Each structure stands twice: as structure tokens, then as C-alpha cells.
Amino acid sequence: MLGGTEFVGRAVAEAALRRGWEVTVFHRGRHEPPAGVRSSHGDRTAAEGLAALTDGEWDAVVDTWSAAPRAVRDAARLLRDRAGRYVYVSSCSVYAWAPPADYTEQAPLVEGARPDADATDYLRDKRGGELAAVEAFGTDRSVLVRAGLILGPYENVGRLPWWLTRIARGGPVLAPGPRDLPLQYVDARDLAAWILGAVERELNGPYNLLSPQGHTTMGEFLDACVRATGADADLRWTAPDTILAAGIEPWTQLPVWVPPAGEAHNALHRADVSRALATGLHCRPVTETVTDTWTWLQDIGGTAPQRPDRTLKGLDPALEARVLGASGR
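What you see is a predicted model, and the numbers here were worked out from it, not measured in a lab. (Residues numbered from 1 in each chain as written. Predicted model: local features only at pLDDT ≥ 70, side-chain atom pairs only at ≥ 80, totals over all residues. Heavy atoms only, no water.)

Explain the nonpolar core to me, and be specific about the residues and the numbers.
In this structure, Trp163, Ile167, Met218, Phe221, Leu222 and Val290 are the most contacted members of the largest nonpolar core, which totals 40 residues. Within the residue set of this core, elements represented by two or more residues are helix H4 (160-168), strand E7 (171-176), helix H6 (218-229), strand E12 (233-238), helix H10 (286-299) and helix H11 (317-326). With 7 residues, the single largest contributor to this core is H6. Contacts of valine 290, omitting those with residues within four sequence positions, involve Leu160, Leu164, Phe221, Ala224, Cys225 and Ala228. Counting 34 residues, the second largest nonpolar core, distinct from the first, contains Ala16, Val25, Val37 and Leu209. (Core = buried A, V, L, I, M, F, W, Y, C linked by side-chain atoms within 4.5 Å. Buried < 20%, exposed > 50% of the residue type's maximum accessible area, 1.4 Å probe, protein only. Helix = DSSP H or I, 4+ residues; strand = E, 2+ residues; numbered from the N terminus. Contact = heavy atoms within 4.5 Å.)

In C-alpha cells:
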């Protein structure tokens, strides 16, 4: 596991340990890895940073890297003769904007950064990482996991933790409508289970990794947050036009949510995931994802970790109050 101490990487490492697998976690030593792994230290962006991986053989490598593609290239080239399969956790962002509703793995892709490139932007870097993995391991021994919205315990991006923290504060909550808006996401633990299954099945190629379309709705998602926190929160459902007219940014200021009309909802919540479902993807109920994330958040003191390379999420309380007041809600 290249990484393995935070969010998706940690979920994969813990799931593998529960299966009785022997797990090596290669990381920089900034966070404590899961108990039971073999810990190996290095900085893959530094000269000689992969020295700790020059010996050893593995059945599979899992890599969640999302910056300079050359870091994927260097690791994949080093390990291609000593590892059976390379699983690269990519993103649905690699599809050319804007993918139509029900887009499959055959949808047009962005022009990726070269496998030897430094960091450019998220989508081109992820596509460059895919190219680097395939260059080293070939199409027959590489798996490209094109994940969408990822939620669950250990989240360090700030989406579900923000909603839980906001709702726990109680009072009137701006709830972005419509209430029955379909959502598509994947719990990091379900993503991890599918990845391990892909290794066991010796899968290859690209897979969209998200829950089935309509796995939950915005209403079910926020209701689950209210129940999990036990807060005295009043969800004030607000029309998309009102939210947009107030200058509120979907997805960032109101995490998870994008308005139902337009390209963004198709891109973020309307992917075809039939390939993943046919190869073992199982998605737990939204109530379980939300409740477990709230439990984890309380266990670590109520403040979620935040990746420094990700934008801060959430709505300013004063703006929320103004919008609710102006709409008479």
C-alpha cells in the first residue's frame, strides 16, 4: 500500500488486514499506520525516496497518489517485476467535461499529463497516473479505479464531516433541494473491499467505482446526519435557484450537493457502474456510512483532519442565516 495511513489508503490497509493478508505500508511517517502492517518509510517525491522498496515481492500494489504522475511512474517501474498487479485509485474526473448521464468507462477522457510530468491539475494528474500505471504493468496487470465522491470514516476532505458538524450545531439548517435529489457516492470501506476483490479476481482495466445511481437522496443523507448526531436541527429545504442566486457555490460551500439541472449532476451523480457491480461491488446503506463517520469524528475529538491540498468546505453561518432569512424560511 503506497500511503495507507489516511482515508482511502487506510481503509484498504485495514480491510486487507481483516482478510489475513500481509500488508506493507509505504509512507512518509507523518501519521501512524494501522496496527499489524509492516511499515516502510520514504518520500516518493524525493531523490532515492523509494529506496525502502528496492527489495521484496508483493501480489499487488495499491496506489492512491493524486499529484505529479512521475511519482506513479517511478513506483510502478520499480515494482513491475516484483508485484503481480498495480491498482491505481483514479477518479471520474478523468472523463472529458461534461460526460453525459449514464457515462461508462468508454466515455472520452481528458488529455492526461505525461507519465513523467510534474504536478499540473487534479484531473490531468490523475489521468497521467493512469497512463503511468499502464505503461509499467500493461493493460493486463493494471486496474484503474475511477472513483467518484468518497465518504466514510477517516475522511480528510471535509464533506461529510462538515455536514455532521453543522447539523450537530442545531437550529435552522439550509438544506439544498430538492429533497429527492439522487446522490451517488462510495463508502471508502466498500471501495476498499472491491479493490481487494479485484486483486483476488485478477481484474484489469478501468472501473467506475460509485454506488448505483439513486443509492440515496439528499433528503435521506441529511436525515441520517440529524439522526446520527441527535441534534435539534431543523432542515429548511431551499430551492436550487435561491441557493445559486445567493452566490453559494455547489459542491464546496454545500458539500456533496449540485443542482439537479445541468452538467455537474450528470458528471458527479449519474455514472454507469454496472461493471463494478458485476464484479462484486456492494454498497452499505447511507445511514451506516453517516453513523460510523460521526462515531469516528467523536472518537478523535470532533475535528476531522484536513488535507492541505484540498479546498476548505462549508457554508459561512452568516451567509446561511441571510439566505434563510431572505427566503422566509
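Any details on the sheet that holds strand E10 (residues 205-209)? Residues and values, ideally.
One open sheet holds the 4 strands; their spatial order is E3-E4-E5-E10, and the pairing between them is parallel. The outermost strands of the open sheet, each flanked by one partner alone, are strand E3 (58-63) and E10. Adjacent strand axes in the sheet meet at a mean angle of 20°, parallel and antiparallel pairs treated alike. Of the strand pairs in this sheet, strand E4 (residues 83-91) and strand E5 (residues 142-147) are connected by 6 bridges, and their pairing is parallel. Residue pairing for E5: serine 90 is matched across the bridge by arginine 146. In this fold helix H5 (residues 188-201) packs onto E3, E4, E5 and E10, with an angle of close to 160° to the strand it touches most, E5. (Pairing = 2+ DSSP bridges. Axes fitted to C-alpha atoms, helices over the stretch in contact; angles between N-to-C directions.)

Give a description of the packing of aromatic side chains that names residues and reports values.
Aromatic rings in a pair are described by how distant their centres are and how their planes are angled relative to each other. Counted by the stated rule, this structure contains 5 aromatic pairs. We note arginine 275 situated over the ring of tyrosine 207; from NZ or CZ to the ring centre the distance is 4.0 Å. (Phe/Tyr/Trp six-rings, centres within 6.5 Å; stacked < 30°, edge-to-face > 60°. Lys NZ or Arg CZ within 6 Å of the ring centre and 35° of its normal.)

So what about the pattern of salt bridges? Which residues, and what values?
Inspection of the entire model under this criterion finds 21 salt bridges. One salt bridge connects arginine 114 with aspartate 116, and the closest N-O pair in it is separated by 3.0 Å. Here arginine 114 falls in the exposed class, since its relative accessible area comes to 57%. Exposure remark for aspartate 116: the relative accessible area of 35% places this residue in the partly exposed category. Residues arginine 127 and glutamate 130 are paired through a salt bridge, measuring 2.6 Å at the closest nitrogen-oxygen approach. Taken together, the residues arginine 127 and glutamate 130, both in helix H3 (residues 122-137) and 3 residues apart, mark about one turn of the helix. (Salt bridge = Lys/Arg side-chain N within 4 Å of Asp/Glu carboxyl O.)

Kindly report on the state of the cysteines, identifying the contributing residues and their values.
The term disulfide refers to a covalent linkage connecting the sulfur atoms of a pair of cysteines. Enumeration according to the criterion identifies 0 disulfides in this entry. Free of any disulfide, cysteine 92 has its nearest neighbouring cysteine sulfur in cysteine 283, separated by 13 Å. (Disulfide = S-S within 2.5 Å.)

Talk me through the packing of H4 against H10; I want residue IDs and the actual numbers.
Here H4 crosses H10 at 75°, and the two axes come no closer than 10 Å. Here H4 is positioned roughly perpendicular relative to H10, judged by the angle of their axes. Contacts from Leu160, Pro161, Leu164, Thr165 and Ala168 in H4 reach Thr289, Val290, Thr293, Trp294, Trp296 and Leu297 in H10. (Parallel < 35°, antiparallel > 145°, perpendicular 65-115°, else oblique.)

Give a detailed account of the side chain of threonine 229, specifying residues and quantitative values.
With respect to the helices, strands and loops of the structure, threonine 229 is situated in helix H6. At a separation of 2.9 Å, a polar atom in the side chain of threonine 229 contacts the main-chain carbonyl oxygen of cysteine 225. When residues no more than four places from it in sequence are discounted, the contact partners of threonine 229 are Leu164, Ile167, Ala168 and Trp294. (Polar contact = N/O pair within 3.5 Å; in protein donor to acceptor, adjacent residues only side chain to side chain.)

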